Amino acid sequence: MGRHRRPATPDRGPTRRARRGLAAGLAGASALVATALTLTVSPSAPPAPDRPSADVPAPQAAP
C-alpha cells in the first residue's frame, strides 16, 4: 500500500514563495492599471461619416 503513495514534498522554498508573491503583485498591478484605463479613456469613437451621431435622433417614418 505504501508503493502508491505520493512522495513527501520538500519544504516550500523561498523561490516558490517569491514566485507567488510576484504573481500576486502583478495581478494586483494589472487590476489597478485596468481600472485606471477604464476611468480615463473615453470609450466612444467618433461617428462614421455616413451615419448620424448618437445624440441626433434618427428620422422617423411618416405615418
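In what follows, the structure referred to is the one given above.
Everything numeric in this text was worked out from a predicted model, so none of it was measured.

To continue, consider the overall build of the protein chain. Assigned secondary structure in the protein chain consists of 1 helix and 0 strands. Here the protein chain holds 63 residues, and 0% of them are scored as buried. Within the structure as shown, the protein chain displays about 6500 Å² of accessible surface, and the carbon and sulfur contribution to it stands at 62%.

This next bit is on a nonpolar patch on the surface. A surface patch of nonpolar side chains, about 260 Å² in accessible area, is lined by Val33, Leu37 and Val41. You can see Leu37 is positioned in helix α1 (residues 14–40). On the accessibility criterion, Leu37 (47% relative accessible area) is partly exposed.

Thresholds applied
- Residues numbered from 1 in each chain as written.
- Predicted model: local features only at pLDDT ≥ 70, side-chain atom pairs only at ≥ 80, totals over all residues.
- Heavy atoms only, no water.
- Helix = DSSP H or I, 4+ residues; strand = E, 2+ residues; numbered from the N terminus.
- Buried < 20%, exposed > 50% of the residue type's maximum accessible area, 1.4 Å probe, protein only.
- Areas by Shrake-Rupley, 256 points an atom, 1.4 Å probe, with all protein chains shown as cover.
- Patch = residues over 30% accessible without salt bridge, like charges linked within 9 Å, V, L, I, M, F, W, Y side chains within 5 Å.
- Salt bridge = Lys/Arg side-chain N within 4 Å of Asp/Glu carboxyl O.

Read these as layout, nothing more, since geometry by itself doesn't imply function.
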